[in-house]
Amino acid sequence: MLLPIFLILLTISFILALRSMKDFEMPKEVKALLRFRNIRGTILFFKGKKIKHYRS
């Protein structure tokens, strides 16, 4: 009896939380840095004792 009520309340709270997060954005300065700078990174895979590098 309590499980369906709990699931309904959980779903409603999740939907409300997602809708409230639309207000949050990245600051303008960070957006400008990401737009003008070429972001680079490295992906590392650890397999046993070997490390595999993939650069972008």
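Residues numbered from 1 in each chain as written. Predicted model: local features only at pLDDT ≥ 70, side-chain atom pairs only at ≥ 80, totals over all residues. Heavy atoms only, no water.

### Some details on the overall build of the chain
For clarity, the threshold we go by: Numbering goes from the N terminus for both helices and strands, where a helix is a DSSP run of H or I of at least four residues and a strand is a run of E of at least two. Only protein chains enter the calculation, and the probe is 1.4 Å; a residue is then buried if its accessible area is under 20% of its type maximum, exposed if over 50%, and partly exposed in between. The method behind every accessible area is Shrake-Rupley, applied with a 1.4 Å probe, and residues are considered shielded solely by the protein chains displayed.
When helices and strands are tallied, the chain shows 2 helices and 2 strands. Start at the N end of the chain and walk to the C end: the helices and strands fall as α-α-β-β. Within the chain, the fraction of its 56 residues that count as buried is 0%. Roughly 6,200 Å² of accessible area belongs to the chain as shown, and the carbon and sulfur atoms make up 68% of that amount.

### Topic: a nonpolar patch on the surface
Heads up, the condition is: Nonpolar side chains (Val, Leu, Ile, Met, Phe, Trp, Tyr) within 5 Å and like charges within 9 Å form the patches, drawn only from residues with over 30% relative accessible area and no salt bridge. The rule for a salt bridge is simple: a side-chain nitrogen of Lys or Arg has to be within 4 Å of a carboxyl oxygen of Asp or Glu.
On the surface, a nonpolar cluster with roughly 510 Å² of combined accessible area is contributed by M1, L2, I5 and L9. Note that M1 resides in the segment before α1 (2-20). Assessed through its relative accessible area of 82%, M1 is described here as exposed.

### Structural notes on the confidence of the model for the chain
Selection criterion: Known as pLDDT, the predictor's confidence for each residue is given on a scale from 0 to 100.
Confidence in the prediction of the chain, expressed as mean pLDDT, is 79, and 84% of residues score 70 or more. Averaged pLDDT values for the elements of the chain fall to 72 in strand β2 (residues 50-55) and rise to 92 in α1.

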